[in-house]
Each structure stands twice: as structure tokens, then as C-alpha cells.
Amino acid sequence: MIESVRVVGARGRVGHAMAGRLAERGLLADGGAAELVLLCVPDRAIAEVAGGIEPGPWVAHVSGATPLAALAPHVRRFGVHPLQTFTARRGPEQLDGAFAAVTAESSEARAVGRWLAEALGLHPFDLDDARRALYHAGAAIASNYLVTLRRAGGSLLEAAGAPPEGLDPLMRRTVDNDFELTGPIDRGDWETVDRHLAVIRAERPELEEAYRALMRLTARQAGTVPTRGPSSPGLRTCRTVADVRDALAPLRTGTVALVPTMGALHEGHLALLRAAREAADTVVMSLFVNPSQFGDDADLASYPRDEGRDLAVAAEAGVDVVFAPSVEEMYPPGFQTWVDVTALGAVLEGVHRPGHFRGVATVCLKLFSIVRPDLAFFGQKDAQQVEVLRRMIRDLALELELRVVPTVRDPDGLALSSRNAALSREQRERALALPRALATGDPELARAALDESGLDVDYVEVALFDPPVLAGAVRVGSTRLIDNVPLEEAP
Ligand code: AMP
């Protein structure tokens, strides 16, 4: 096809191997005109060198990252990127068995590119010039980052007083074994992984973020779940503001989601956690029964609490960090700064629970400030809370996005709530009047149905939120229940 190839940059690592192979095959031009000029120069020099070549012959580069446009003004052009790493200490044999990405803009150029790759001893495959960054990122992981991993592993061995070079035969064997996964993550042995994390944090803290990222990725690929309870490596429980900031510092390269809760987790909370897990790299759940949003002490004292179970549920849901502060941590002595969303916080629930939304807004603002999430997840179940927080975020220009998750209900229609646990069977039966009344989507009908049910009704009203809802609150014995239906969805 082509009988003479001139290599520019034959003293470089790639050029040396390629020129050697072309010479073996009698294809290397010895001075004079060549039919193909192969640029084996550093990426940043390609455009300049190409610009200096008289148009006429084929011009090709061997770069993985550089688009073909860099070869302008030449139109008879292509790229052959050997998917291989080279050293100047070795020769053409480095090409043997390697794959090569051929990028070309015409079938003729592709044919020449494939021919050259085969002449060099490479296995050619076609690569779209527009997808080269993706391809090159994959190659960087497999090659360059392997070097980083070797150094990171070596530094831990060194810290342990073991010889870092001991890793080399291990790495080679892993490759020779076709990358078969073994070890603690494959076995689901999270205690061992947890111990790794503890010593890395103590001895080589700069490696913790990388270790965690690799652990998660490996677990996902292995189909094992790094979430086995409070001590699992997937979950870190923080009690103080400083702790949570410390835990999040290395995770800020990705998106952070916050799911505020008061615990006693149920499927409603899980829906929020799942949505957060899907949307963000790091999921933070706060677990704090906020005294300032409770009107009376008896209600606060009787609020259900089971931290052990909540931590296990959070871990199973893939939460990365739980922030479970004490009341003193959130409201230190002398605390006197409050946020009040005045008008929105005073209607509906605000009438019956004065100060409730002041407590909610204040604790949420403080949580936002501590966690600095990109996303915060709330339930449609508490529609007014969503409206109040949305207004606070807007009014104070907070830099986060509020996301709302639809209300999760039991099969009988009752909206899940931590307070449902306090209902007797008979009370629960009667409480079903609330979702049934709201499902009419009509405030008059709903009011009539609730009056008939004999429940104590605090209100049942259309609220012009986004979206508008028919909202209601009732008391069943000493338990107060709230619910709402978005009006577009009502039958
Ligand atoms: P709480 O622990 O009651 O403060 O609730 C924490 C978050 O879970 C709030 O954003 C609630 O709106 C949300 N949530 C509570 N119950 C449900 C439910 N049944 N469906 C969807 N979200 C809910």
C-alpha cells in the first residue's frame, strides 16, 4: 500500500519503537520523499509540526488525546494511537499484541490507518474522533492511574514497615489472572475494610478519599453492598459540627445530598434516601429531634427514638454520613439566632403550632450551613414545610436545590409518619378518614366527610403552594396527623 514512512520524533519513546518496527519491515524512509509522515512528537507540538510539513503525503499522529483537526492543513490524515505505554529502554517488541485506535474521516484514510497499525504489529480498531476523550480517559485509568495506585499502596506498605516492591509481583499476577477479583470486598468482609479505613485515616489521611472511592466502585462491581450497619465502612456517624465537616471535606469533589430527618425511619424516609442516593455522590442524613419545632414538652418527650435501628436502616440505604448531634451541639448555651418565614409560617400548621416553622427553618438553615449540600430532599407529606423552606432558600439566596419526593402511603392510604406508631388499631382505622377525605380533592366534600368521621379537625383547606394542595390536620386521641394531596393528582 505504502512503501516509505518518515517518522518525526524517532528518538521519543513511541517514535523509537515505531521507527524500529518500520525499519524491520523495510518501510522506513531513508531521507528523501515519503508517502506517509508519522508524527511521534509530544501532543502539544503536533499542530506546529504538522503545519510545517508541505501538503502532499499522508500525515498521521500517534496521540490518544489529540483530535485530527490538529493535523491541519492536511486533509489526507488519520491517527493511530497504540493502546500501550512505552519506555525508551525497549524496542519494537513493545508494539506486539497491543491494540491501536485508528481515527479517520474517510474510508481511504481508515484503510491506510489500519494498514499502518498492522504493519507495526498492532491490532487496529476504529475510534470516532469525537469520542476520543472518553477512550483516552479509560486508557489513563488503566495505565497512568495504575502507577498512582502502586505508589499509594506502596506508601501504606512503607508505613507498615513492609517492602513496597513486594506489591509488584502481586500486581502482575492480578493482571495475569485476568483481573479476577478476590479479597475483602469480594467476600463482603466489611470489618476488615473498616479497619483499613481507620488506619489509613490515622497514618495516611491523604489516601482516605481515594480508598473510599475505590471501595465503593469495587463493591458496586462485585455486587456486594458496603452497608452493613453502623460500623460499616459505608457509613460514618458524626456527633459534632467539626466531625461532619471533617468527614465531608474529602467528599466535596462530588455532589452532596442532605436528607434531614427526626429519625424513627420508615418507608417515607427511605424514599427520600433512595432519591438522594440516586442523585448524589455523597448522601448525608441528619438525625435530630429538633426541640425548637415542638410546641409542648410532652410531645417532644414522647417522640419515638431508636438510633440503633435508624443507623442500621441508613447504612442499608447507602447513606455515607449520618449527622446525629446532641441538642447542645445544635443549640449551644446562649443560642439566640432565629429564622422566621413570617407569613407562610403563620398559616395552616402555623396557626395550630405557633413557632413550629421558626424551629424548622432555623434548624434546616443550620444543617444547610454545616453540611453545605448541593441538594436537599424533603417529603411532599409536609407540603407547608417544603413551601416554607423553598421561600427561605430563595429569600436568603442559599446555594442549594430543594427536591421534593411524593408522599409514601400504606396500602390502605394512610400517609406514613413516625407518629402512626402511637395509634391504636381502632384509632388507625378512624385515621383513614383523613386520606379518604383529602382524596376527594374538594375542600367542601372533605370537610363534610371529616365532620362525619368524628375526628377532631384542625383544618382542611386548599393551600396555594407549588403545587396547590388540599391539606388537612386532625387529632386522633393524643396523636396529631397531617396529610395533603396535590390537586392536579386528586381524582
Ligand atoms: P421527619 O423525620 O418526620 O421530620 O421527616 C423527615 C422527612 O421525611 C421530611 O422531609 C418529611 O416530609 C419526609 N417524610 C415523612 N413522611 C413521609 C412520607 N410518608 N412520604 C414521603 N416523605 C415523608
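Presented here is a report on the structure given in the accompanying data block. (Residues numbered from 1 in each chain as written. Predicted model: local features only at pLDDT ≥ 70, side-chain atom pairs only at ≥ 80, totals over all residues. Heavy atoms only, no water.)

### A closer look at the site of the ligand
Working step 1: Met-262, His-269, Asp-382, Val-408 and Leu-416 are the nearest of the 17 residues found near the ligand.
Working step 2: In this structure, Asp-382 approaches the ligand through a side-chain N or O atom, which is 2.6 Å from an oxygen atom.
Working step 3: Within the backbone of Leu-416, one N or O atom sits 2.9 Å away from a nitrogen atom of the ligand.
Working step 4: When the ligand sits alone it has 480 Å² of accessible area, and the protein chains cover 92% of it.
Working step 5: Ranked by residue count, the leading element in the shell around the ligand is helix 11 (residues 267–279), at three residues.
Working step 6: For the shell around the ligand, the per-class residue count stands at eight nonpolar, seven polar and two charged. (Near = heavy atom within 4 Å. Polar contact = N/O pair within 3.5 Å; in protein donor to acceptor, adjacent residues only side chain to side chain. Areas by Shrake-Rupley, 256 points an atom, 1.4 Å probe, with all protein chains shown as cover. Helix = DSSP H or I, 4+ residues; strand = E, 2+ residues; numbered from the N terminus. Nonpolar A, V, L, I, M, F, W, Y, C, P; charged D, E, K, R; others polar.)

### Describing the pattern of salt bridges
Working step 1: Per the counting criterion, the structure on display carries 27 salt bridges.
Working step 2: Across the pair Arg-21 and Glu-24 runs a salt bridge whose closest N-O atoms are separated by 2.9 Å. Taken together, the residues span about one helical turn, with Arg-21 and Glu-24 both in helix 1 (residues 13–24) at a distance of three residues.
Working step 3: What makes Arg-21 buried here is its relative accessible area of 5%. (Salt bridge = Lys/Arg side-chain N within 4 Å of Asp/Glu carboxyl O. Buried < 20%, exposed > 50% of the residue type's maximum accessible area, 1.4 Å probe, protein only.)

### Brief notes about the sheet that holds strand 11 (residues 375–379)
In a beta sheet, neighbouring strands are held together by backbone hydrogen bonds and run either parallel or antiparallel to one another.
Working step 1: The strand order across the open sheet built from six strands is 7-10-9-8-11-12, with neighbouring strands paired in parallel fashion. For this open sheet the edge positions go to strand 7 (236–238) and strand 12 (401–405), each flanked by a neighbour on one side alone. If you compare each strand with its neighbour and ignore which way they point, the axes differ by 25° on average.
Working step 2: Note: strand 8 (residues 256–261) against strand 9 (residues 282–287), six bridges, orientation parallel. Each bridged residue has a counterpart across the sheet, and for Thr-261 the counterpart in strand 9 is Leu-287.
Working step 3: Strands in contact with helix 13 (residues 307–316) are strand 7, strand 9 and strand 10 (321–323); relative to strand 9, the strand with the most contacts, it is inclined by about 165°.
Working step 4: The strands that helix 17 (residues 383–395) touches are strand 11 and strand 12; relative to strand 12, the one it contacts most, it runs at about 170°. (Pairing = 2+ DSSP bridges. Axes fitted to C-alpha atoms, helices over the stretch in contact; angles between N-to-C directions. Contact = heavy atoms within 4.5 Å.)

### Things to note about a nonpolar patch on the surface
Working step 1: Together, Leu-146, Leu-149 and Leu-214 line one region of the surface with nonpolar side chains, adding up to about 240 Å² of accessible area.
Working step 2: Its location among the elements puts Leu-149 in helix 5 (residues 144–159). (Patch = residues over 30% accessible without salt bridge, like charges linked within 9 Å, V, L, I, M, F, W, Y side chains within 5 Å.)

### Observations regarding helix 6 (residues 167–176)
Since the α-helix packs 3.6 residues into each turn, any two residues three or four apart lie on the same face.
Working step 1: For helix 6, the tally of buried residues reaches only one of 10 residues, placing the bulk of the element at the surface.
Working step 2: Just downstream of helix 6 lies Asp-178, where phi reads positive at about 55°.

### Points about the environment of Ala-104
Working step 1: If you trace the backbone, Ala-104 turns up in strand 5 (residues 99–104).
Working step 2: When the C-alpha positions of Ala-104 and Phe-294 are compared, they lie 68 Å apart, and in sequence the two are 190 residues distant.
Working step 3: Residue contacts for Ala-104: discarding those within four places in its chain leaves Leu-68, Phe-78, Ala-109 and Arg-110.

### Points about the sheet that holds strand 2 (residues 36–39)
Working step 1: Read from one edge to the other, the open sheet built from six strands follows the order 1-2-3-4-5-6, with strand pairing classed as mixed. Because the sheet does not close on itself, it has two edges, and the strands there are strand 1 (5–8) and strand 6 (123–126). Taking each pair of neighbouring strands and ignoring which way they run, the sheet shows an average axis angle of 25°.
Working step 2: As paired strands, strand 3 (residues 58–61) and strand 4 (residues 77–82) are joined by three bridges and run parallel to one another. Looking at the pairing, His-61 lines up with Gly-79 of strand 4.
Working step 3: Strands strand 2, strand 3, strand 4, strand 5 and strand 6 of the sheet are contacted by helix 3 (residues 107–119), whose axis makes an angle of about 30° with strand 4.

### Brief notes about the packing of aromatic side chains
Working step 1: For the structure on display, the rule yields nine aromatic pairs.
Working step 2: With a centroid separation of 6.0 Å and 65° between ring planes, the pair formed by Phe-125 and Tyr-135 is classed as edge-to-face. Of this pair, Phe-125 sits in strand 6 while Tyr-135 sits in helix 4 (residues 132–142), placing them 10 residues apart in sequence.
Working step 3: In textbook terms, an aromatic cluster arises when at least three aromatic residues are bridged by ring pairs, as seen for Phe-288, Tyr-331, Phe-335 and Trp-338.
Working step 4: Against the face of Trp-338 rests Arg-358, its NZ or CZ located 4.3 Å from the ring centre. (Phe/Tyr/Trp six-rings, centres within 6.5 Å; stacked < 30°, edge-to-face > 60°. Lys NZ or Arg CZ within 6 Å of the ring centre and 35° of its normal.)

### Details of the packing of helix 8 (residues 190–203) against helix 9 (residues 208–222)
Working step 1: For the pair helix 8 and helix 9, the least separation of the axes is 9 Å and the interaxial angle reads 160°. Between helix 8 and helix 9, the crossing angle belongs to the class labelled roughly antiparallel. Helix-helix and strand crossings are classified by hand; for helix 8 and helix 9 the assignment is right-handed. Judged by residue contacts, Trp-190, Val-193, His-196, Leu-197, Ile-200 and Arg-201 of helix 8 engage Glu-208, Tyr-211, Arg-212, Met-215 and Ala-219 from helix 9.
Working step 2: Its residues assigned to classes, the contact of helix 8 with helix 9 shows seven nonpolar, one polar and three charged. (Parallel < 35°, antiparallel > 145°, perpendicular 65-115°, else oblique. Left-handed = near helix turned anticlockwise from the far one by under 90°.)

### What to know about a negative patch on the surface
Working step 1: Among the surface-exposed residues, Asp-176, Asp-178, Glu-180 and Asp-186 lie close enough to one another that they form a single negatively charged patch.
Working step 2: For Asp-178, the location among the structural elements is in the loop between helix 6 and helix 7 (184–187).
Working step 3: Taking relative accessible area as the criterion, Asp-178 reaches 67% and is therefore assigned exposed. (Lys, Arg positive; Asp, Glu negative; His and termini not counted. Charge placed at Lys NZ, Arg CZ, Asp CG, Glu CD.)

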